[in-house]
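As a plain string of letters, each chain reads:
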Amino acid sequence: MVTQAEVHWIELDVVDSTNSHLINAYHTGAVHGVVAVVAHAQTAGRGRAGRVWQARRGASLCLSLGLPLTGPVPALLPLCTGLAIAHTLQDLGVTVALKWPNDLLLAGGKLGGVLCEAFQAQGQTHVVVGVGINLDNPLDSDLPAGALPVACLHAQPAVIRQTPVAWARLLVPALLARLTPCLAGQTAGVAAEFARWDAWRGMPLQVEDAGQVLMHGVGMGINAQGAYLLDTSTGLKAVHAGDISLRVQHG
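In this report, we go over the structure that sits alongside the text. (Residues numbered from 1 in each chain as written. Predicted model: local features only at pLDDT ≥ 70, side-chain atom pairs only at ≥ 80, totals over all residues. Heavy atoms only, no water.)

### Side note on the pairing of strand β6 (residues 103-106)
Part 1 of the reasoning: Here β6 shows two buried faces, one formed by D103 and L105 and the other by L104 and L106.
Part 2 of the reasoning: As judged from the 3 bridges shared by strand β5 (residues 97-99) and β6, these two strands associate in the antiparallel manner. Each residue of the ladder has a partner; that of K99, found in β6, is D103.
Part 3 of the reasoning: Of the pairings in the sheet, the one linking β6 to strand β7 (residues 109-121) comprises 4 bridges and is antiparallel in character. Residue pairing across strands places L106 opposite G109, the latter belonging to β7.
Part 4 of the reasoning: In sequence, β6 turns back onto β7 through a hairpin of 2 residues, with A107 there showing a positive phi of about 50 degrees. (Buried < 20%, exposed > 50% of the residue type's maximum accessible area, 1.4 Å probe, protein only. Helix = DSSP H or I, 4+ residues; strand = E, 2+ residues; numbered from the N terminus. Pairing = 2+ DSSP bridges.)

Below, the structure written as structure tokens:
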């Protein structure tokens, strides 16, 4: 397993996106091997479906962890990342839930998210695992219609306030311990473990694509391939990650 001693650390005052910065560094040959990038402020972080995530100075953890790959990218990688974070926060007295495929929820609000990106650089396949967590109130308080409210880690009584760099130093060893076997294809038991943290299990849900509802059903957790299962009126359906959204059905 990769140890923290093998990680090359880059600390940035401000950056557009830690993922973009790290991907570019691999492409230019500026970095090699396992690299962690943490920024104190971020102006154009990237989420799913091209969404932009900003972070004012010190208010968010903006972390990207780059790892060389020797095989295909596991579909369960974002879920394993979420599980590593969930276990770490649980040890600190904070219980989160995981919203498939890549969100972290706390008390019904969105605490953060995960964005994994694979690419070729310098003749080597790499994956960058981006983690964003709200420590304090984010830069923009206006939320789009239907969005979850914001949750902040430093608002939790059990949490000791720390800098983004301190949080990164805490999380990276946990991520390495979880992601190293995942990248080696050792994902047996992840579906059963995810059920413990699943925010939507047993909930009435609807699948949306570009605002259009595709199906309704009850959340049943994930399968061994990382797809989310819905119990629908026509049987069990598997929903795969992409631009499709899974939301709680109201009414």
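### Quick look at the pattern of salt bridges
A side chain of one charge can pair with a side chain of the opposite charge when the charged atoms of the two come close.
Part 1 of the reasoning: Tallying each qualifying case throughout the model produces 5 salt bridges.
Part 2 of the reasoning: Between K99 and D103 there is a salt bridge; the shortest N-O distance is 3.8 Å. In this pair, the class of K99 matches that of D103, namely buried.
Part 3 of the reasoning: Among the ionic pairs, D103 bridges to K110, the shortest N-O distance being 3.4 Å.
Part 4 of the reasoning: In this structure D103 comes out as buried when scored by relative accessible area, which is 13%.
Part 5 of the reasoning: Beyond isolated ion pairs, a larger network of salt bridges with shared partners links K99, D103 and K110. (Salt bridge = Lys/Arg side-chain N within 4 Å of Asp/Glu carboxyl O.)

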